Amino acid sequence: MLSTKSWMISVKLVMLLWSYFATVLTDPGGVPTSWRPSIDEERGDADPLIGLEHGGANLGLNQSSVLGEPANQRMRFCRKCNQFKPPRCHHCSVCGRCILKMDHHCVWVVNCVGALNYKYFLLFLVYTFLETTVVTLSLLRLFIAFFTEGEISGTPGTLVATFITFVLNLSFALSVMGFLIMHISLVLANTTTIEAYEKKTDPKWRYDLGRKKNFEQVFGMDKRYWLIPAYSEDDLKRMTVLRGFEYPTRPDLNELQQL
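Enquirer: Go over a nonpolar patch on the surface with me, naming the residues and quoting the values.
Expert: Nonpolar side chains collect at one region of the surface, where Phe147, Val160, Phe163, Ile164, Val167, Leu168 and Phe172 lie side by side and expose about 650 Å² of accessible area between them. Mapped onto the elements of the fold, Leu168 is located in helix α4 (residues 156–188).

Okay, here's the thing in C-alpha cells:
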C-alpha cells in the first residue's frame, strides 16, 4: 500500500495534470463575429460597460447613440480583428484574436489565459506549488545530511539525483509561490494582469465588488467545485460572468458616472 506521503503526492500530481490540461485544452474565450454591443432601448445609449475606440459603422446604431456625450463614449473596437470588443476584452498578438477578459498569453500552457480558463490556470499554480513543496520537504532531511556528518545510503548517482531534485523543486516552489501570490491579489481585486497595469491611473476600479464576490466570479459560487478545474451546472446557468461577456459593476461608481 502507498504511504500517506506517497498518497498525497499522487493526488496532487493528478490534480496538477488535470488542471494543466484543462488550461491547455480549454478555449480562453473568443469574440463571435456576430457579437454586437448591447443597447439600452429606452435611453438609446450603448451599454455603459463598453467604451468607444471606433465609429459605429455597420452596426445599425444611429450616430447619436454611438457617439453620444464625450463622457459616455465607451464602445471598444479592435482594428486588428475589425470588430467590436466586449468589456474587459483584449487582443492577443500571439493568438491573433481578441480574448475575453484576457490575463496574459502563457508559453507554459501554450494558450491564452482568459475568462474561460483562468480558474484552471490558478488551480494549476496551486497544485504545482503544493506538489513541489511536498517533494521539497520530503527530501529536506537528505539535503541537510549532505552538509552534516550523518550517513546517507545510496549510490553516488542516486545522491546526485536527490540533490538536484531537491534544488529544482525548491526553486519551482519559490517561483510559483510569488506568481501565485500575485494572482491571488488580482482575483481578490477582480482585475487581470493587463488591467492592473492599465488602471494604475484609475484608483476607483468599477469591477471591484468586494473580495467574496470577486472570488466567486472566478471560482464560482458552488464550494464543492472550488478546488477542481470545472464548474457546476448551476453556476454555469446562473453566473453570466462565467461566459465572459458581461460583468457587474459597482453601483456607487455607476451613479457618479450618470451625474
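Still to come is the rest of the account.
Enquirer: Account for helix α1 (residues 4–25), with residues named and values stated.
Expert: Compared with an ideal rise of 1.5 Å per residue, which puts 22 residues at 32 Å, α1 spans 32 Å between its outermost C-alpha atoms and is within 8% of the ideal. Of the positions making up α1, those classed as buried are Lys12, Met15, Leu16, Ser19, Ala22 and Thr23. Summarising the axial view, the buried residues of α1 lie within an arc of 135 degrees, below the 170-degree limit, and thus occupy one face. α1 presents Trp7, Val14 and Leu25 as exposed residues on the side facing more than 90 degrees away from its buried surface.

Enquirer: Give me α4: which residues, what numbers.
Expert: Taking 1.5 Å per residue, 33 residues should reach 48 Å; α4 reaches 48 Å between its end C-alpha atoms and fits that length. When we look at burial in α4, the residues that qualify are Thr162, Phe166, Asn169, Ala173, Val176, Leu180, His183, Leu186 and Val187. Taken from the residues just after α4, Asn190 is the one with a positive phi, measuring 55 degrees.

Enquirer: Could you give an account of the state of the cysteines, with specific residues and numbers?
Expert: Disulfide: a covalent bond connecting the sulfur atoms of a pair of cysteines. Applying the stated criterion across every chain, the model contains zero disulfides. You can see Cys106 has no disulfide; the closest cysteine sulfur is in Cys112, sitting 9.6 Å from it.

So, how was this worked out
- Residues numbered from 1 in each chain as written.
- Predicted model: local features only at pLDDT ≥ 70, side-chain atom pairs only at ≥ 80, totals over all residues.
- Heavy atoms only, no water.
- Patch = residues over 30% accessible without salt bridge, like charges linked within 9 Å, V, L, I, M, F, W, Y side chains within 5 Å.
- Areas by Shrake-Rupley, 256 points an atom, 1.4 Å probe, with all protein chains shown as cover.
- Salt bridge = Lys/Arg side-chain N within 4 Å of Asp/Glu carboxyl O.
- Helix = DSSP H or I, 4+ residues; strand = E, 2+ residues; numbered from the N terminus.
- Expected span 1.5 Å × (residues − 1).
- Buried < 20%, exposed > 50% of the residue type's maximum accessible area, 1.4 Å probe, protein only.
- Arc of directions from axis to C-beta.
- Disulfide = S-S within 2.5 Å.

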